[in-house]
Amino acid sequence: MKEPDSHQFNWDICGHEKIVHFLQSAILNGNLAQAYLFSGPSKLGKQAIANKFIASLFCQNSEKDLPCGVCSSCQQIKNEIHPDFYVTTQAINEKTEKLSRSIVIDQIRNLKYKLQQGTLLNGYKIALIKEAHLMNLNTANALLKILEEPTKNTIIILLADDASSLPQTIASRCQILRFLPVPNAEIKSYLENKGVFDSGLIAKQAYGHPGIAIDLAGSKELSKDIKRNIGVFLKIIEADLGDRFEIAEKVINWDKDEAVNISLLNDLLHTWQLALRDIILIKSDNELLVSNTNYLAELKIPAATLDFLKIKSILNKMDQVINYTKYNINSKTILENLIINL
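First things first, this report covers the structure right here in the doc. (Residues numbered from 1 in each chain as written. Predicted model: local features only at pLDDT ≥ 70, side-chain atom pairs only at ≥ 80, totals over all residues. Heavy atoms only, no water.)

The strand order across the open sheet formed by five strands is 2-3-4-1-5, and the pairing between neighbours is parallel. Each end of this open sheet is capped by a strand with a single partner; those strands are strand 2 (85-88) and strand 5 (175-178). Averaged over all adjacent pairs, the angle separating strand axes in this sheet is 15°, with direction ignored. The strands touched by helix 2 (residues 46-58) within the sheet are strand 1 (35-39), strand 2, strand 3 (125-129) and strand 4 (154-160), with strand 4 carrying the most contacts at an inclination of about 170°. (Pairing = 2+ DSSP bridges. Helix = DSSP H or I, 4+ residues; strand = E, 2+ residues; numbered from the N terminus. Axes fitted to C-alpha atoms, helices over the stretch in contact; angles between N-to-C directions. Contact = heavy atoms within 4.5 Å.)

Here you go:
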């Protein structure tokens with residue numbers, strides 16, 4: 001465990017300067033909270049900053065910036081084998097080998113037991129709870145007991161899509177850090193410094209989500225998927241009901257694991273929402289603000305036929321679908337109902 005000093009930091013983060021500065025200052029000043037809640041939609045950078053924060057706390061190298069990336073602790077964190085670092089997320093069902101739709105109470109009880117043990121390396125004990133919004137009330141109450149009776153040198157970090165999805169009793173015991181979309185200019189600059197080709201287009205397509213920008217920069221297949229998904233959406237809104245059924249069957253390569261399907265569905269809907277946003281911008285004579293500039297000609301076609309009330313109706317239905325994915329409803333059924341009712 002490091003003493004407060006004048007160290008610099010080796011955090012390669014896109015955006016969120018205030019949050020980064022706040023956490024780095026807390027490390028240097030030894031002014032750390034017992035629990036943190038990182039709140040905001042996926043792909044904004046919650047996980048990336050949590051990783052750097054945790055690695056910096058465990059880093060053993062006093063001669064380099066934090067985290068050094070080479071000491072034994074940094075390597076253990078990288079390989080997810082550090083003995084004093086515990087990650088809790090959706091469990092895999094041993095019988096079905098599929099990802100659970102929630103974090104169950106036994107996982108939190110197991111975490112409590114581990115945190116009550118002494119540290120193996122005489123430093124911090126850190127627990128990272130991913131997808132914390134997936135805890136049910138009983139699971140959240142079990143976590144509350146841990147937060148009410150904190151053990152020495154223990155830090156708990158919760159990652160959640162929305163702080164309001166957690167009981168107030170949990171949120172009130174955490175230092176809440178709210179992650180907001182990052183300006184396109186910052187994402188573009190970050191990508192340019194990495195030598196990424198077409199950084200301006202990628203920054204627009206990411207729409208404030210650095211994680212999406214990084215994924216797009218590293219995968220040509222992902223760019224192809226976006227193009228295909230936009231094309232599918234444009235076909236759907238022009239097709240009659242009979243053709244929509246056929247399109248619905250092919251729009252996603254469904255997996256046996258429902259948790260995987262939910263992720264695929266959310267990615268698809270994110271692309272469709274951005275396409276609708278671009279259509280609104282085109283109709284409002286704001287083409288310079290369009291995200292998918294390389295599909296501008298295709299997007300102008302529905303922009304000429306859809307009115308604003310229809311677009312608003314479609315967006316509302318998509319928001320409902322995204323909300324439905326949080327419950328135990330089959331994702332394919334959800335998408336089929338959406339496509340039929342567009």
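Right, let's get into the packing of helix 10 (residues 220-238) against helix 12 (residues 258-283). Where helix 10 contacts helix 12, the axes come no closer than 9 Å and their chain directions differ by 65°. It follows from the interaxial angle that helix 10 and helix 12 lie roughly perpendicular. Like other packed secondary-structure pairs, helix 10 and helix 12 cross with a definite hand, here right-handed. Contacts between helix 10 and helix 12 involve I226, N229, I230, V232, F233 and I236 on the former and, on the latter, L268, T271, W272, A275 and L276. (Parallel < 35°, antiparallel > 145°, perpendicular 65-115°, else oblique. Left-handed = near helix turned anticlockwise from the far one by under 90°.)

Turning our attention to a nonpolar patch on the surface. Among the surface-exposed residues, Y324, Y327 and I329 lie close enough to one another that they form a single nonpolar patch of about 290 Å² accessible area. Relative to the assigned elements, Y324 resides in helix 14 (residues 308-324). (Patch = residues over 30% accessible without salt bridge, like charges linked within 9 Å, V, L, I, M, F, W, Y side chains within 5 Å. Areas by Shrake-Rupley, 256 points an atom, 1.4 Å probe, with all protein chains shown as cover. Salt bridge = Lys/Arg side-chain N within 4 Å of Asp/Glu carboxyl O.)

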